[in-house]
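Residue-level listing of the chains:
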Amino acid sequence: RATMSSPSFVGAIDQGTTSTRFLIFNTSGEVVALHQLEFKQYYPQPGWHEHDPEEIISSVETCIDGAVEAFEKQGHSRSQIASVGITNQRETTIVWDKTTGKALHNAIVWTDTRSQELVRRLKNRLGASELTARCGLPLSTYPSVSKLLWLLENDDNVKAAYERGDLAFGTVDAWLAYKLNGGTARNVYVSDPSNASRTMFMNLETLDYDHDLIDWFRIDREKVLLPKIVRSSDPEAYGSLANTLLKGVKITGCLGDQSAALVGQKGFTPGLAKNTYGTGCFLLYNVGPKPVISKNGLLSTVAFDFGPGKTMYALEGSIAVAGSSIKFLVNNLGFIEDSTRLSALAETVEDNGGVTFVTAFSGLFAPYWIDDARGTLFGITAYTQRGHIARATLEATCFQTKAILSSMAKDSGQALTELAVDGGMSNSDLIMQTQSDLIGIPVIRPAMRETTALGAAIAAGLAVGVWENFDDLKGVNTEGRTTFKPAITAEDADSRFARWEKAVQMSKGWAN
Ligand code: G3P
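Computed from a predicted structure; not experimentally measured.

(A) View of the sheet that holds strand β2 (residues 19-26). Read from one edge of the open sheet, 5 strands run β3-β2-β1-β5-β14, paired in mixed fashion. Sheet topology places β3 (31-38) and β14 (251-256) at the edges, where each strand pairs with a single neighbour. Neighbour-to-neighbour, the strand axes of the sheet open up by a mean angle of 15 degrees, direction not taken into account. Pairing of β2 with β3, which is carried by 7 bridges, proceeds in the antiparallel orientation. Bridge pairing in β3 places Arg21 opposite Gln36. Strand contacts of helix α6 (residues 172-180): β1 (9-15), β5 (81-88) and β14, with the helix running at about 140 degrees to β5, the strand carrying the most contacts. Against the sheet, helix α14 (residues 451-463) touches β1, β2, β5 and β14, its axis set at about 130 degrees to β1.

(B) Main features of the layout of surface pockets. Taken as a whole, the largest pocket spans an internal volume of roughly 1100 Å³. Counting only elements with at least two residues in the lining of the largest pocket, the list comes to β2, β3, α9 (257-264), β15 (273-277), α10 (323-332), α11 (342-346) and α14. Of all the elements, α10 adds the most residues to the lining of the largest pocket, at 4 residues. Its residues placed into classes, the lining of the largest pocket shows 10 nonpolar, 22 polar and 9 charged. Taken as a whole, the second largest pocket spans an internal volume of roughly 660 Å³.

(C) Spotlight on the packing of helix α2 (residues 116-123) against helix α4 (residues 144-154). With their axes 10 Å apart at the nearest point, α2 and α4 run at an angle of 105 degrees to one another. When the axis of α2 is compared with that of α4, the two are roughly perpendicular. In this structure, α2 uses Leu118, Val119, Arg121 and Leu122 to contact α4, whose residues at the interface are Ser146, Leu149, Trp150 and Glu153. The residue makeup of the contact of α2 with α4, split by class, is 5 nonpolar, 1 polar and 2 charged.

Each value, and the rule that gives it
- Residues numbered from 1 in each chain as written.
- Predicted model: local features only at pLDDT ≥ 70, side-chain atom pairs only at ≥ 80, totals over all residues.
- Heavy atoms only, no water.
- Pairing = 2+ DSSP bridges.
- Helix = DSSP H or I, 4+ residues; strand = E, 2+ residues; numbered from the N terminus.
- Axes fitted to C-alpha atoms, helices over the stretch in contact; angles between N-to-C directions.
- Contact = heavy atoms within 4.5 Å.
- 1 Å grid on protein atoms, 1.4 Å probe; cavity = no way out; pocket = protein on both sides within 12 Å on 5 of 7 lines; lining within 4 Å.
- Points joined across faces, edges and corners; volume = space filled by probe spheres on them.
- Nonpolar A, V, L, I, M, F, W, Y, C, P; charged D, E, K, R; others polar.
- Parallel < 35°, antiparallel > 145°, perpendicular 65-115°, else oblique.

Encoded structure:
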């Protein structure tokens, strides 16, 4: 336990889809210092989405230094930072040469649909229908495996490294741990189960690689290095920072961002759920110490692995497009100057005026899994104003969340009684009220909404005794919650939802 003289702060690297942040928390879970950077998004072709792996690392290092400087300006010292946790965008795939430590291609981002044709072929291969029971994910463009296979088929440098046996594969957490430790100099090559469970290579029961799965994808294990899967909270496995003002400080926690948000909301026990409205939107429902394989279009995933007796699984509803649809209205269509104004624009009209926007920019994820759907606007007339489109854009995520909750009720046999929320779009009262109206249960928003970073800090802090156990976290992030209660009838919600479902069916097949 932290005392006055011992280190009593924990750092969190939050490497998301559009921005990188570094936050420093105190033991009460309050943010003491923060630095954030947006980084470049590459869209080389329709449906393609890439990041520069080197920029990911430099953005992390800049954020660490920025936050530490702000922290020390307040009179603290960097020596008070006990350790650092990592949380990251999941599935995004990076390949590098294990002898040089250099990336061989831009990172292929989780939203990228270039592997659509390849996935179609895989779905026809004998045994395709048996994969989900082992790894929890359905075959789609979303998991890392489809991105890695695309690279192996289409990029000569990647193919050559594979043939030489020099190819290293990693999700963003593995790349961060490797590079932040100094790359080839230290060779820290690890990933945690919440990230590894997004590749389709990991067996959900054993929390280790499944050779049958890897063979099924016709990947030669001798030719590609996969990071060792270690616990999400571990005092040694993740090494320490080789550079920055925190040089020498240990990395002791690692969680995929959606798992981290569940931990930051303290969803430690079965039955608790959270919905994070970030670039995409992801609902995770803690199902307990055994995985539940969905029959209704949800994913089964590792929530966190904090050691024996403290490993939990989740059912997940993944929505590919949430905050990114707002960015689209701002950056591509010039609707408004910045995203924070969208909610205000939506409030200039009373309702969506008959407009429905299926924001299927990356196909549709849960619970539909329609790879070839594309974004489609329905119901435009001469009456339609920008406000109606803004409103329809915000509603899309709320409708998809409703569809996910109904799958979740079927899979788990019980309906959720309230939903904890966080992420950028949760700042909008209008969106949260709409969400509560549509799902018919209270939506609870914490005052401190940096839950993703807090989850990484908790994973890191638990490993080094900043907090000894979940009980120690009782007082963390509990103050000042806002509750949104449903204000429309269930019939009204259902009839709005029926129009959405009709629109979803009509958005199918456009990519063909
Ligand atoms: O699975 C992708 C997810 O981890 C990305 O999260 O916060 O960037 O929408 P976010």
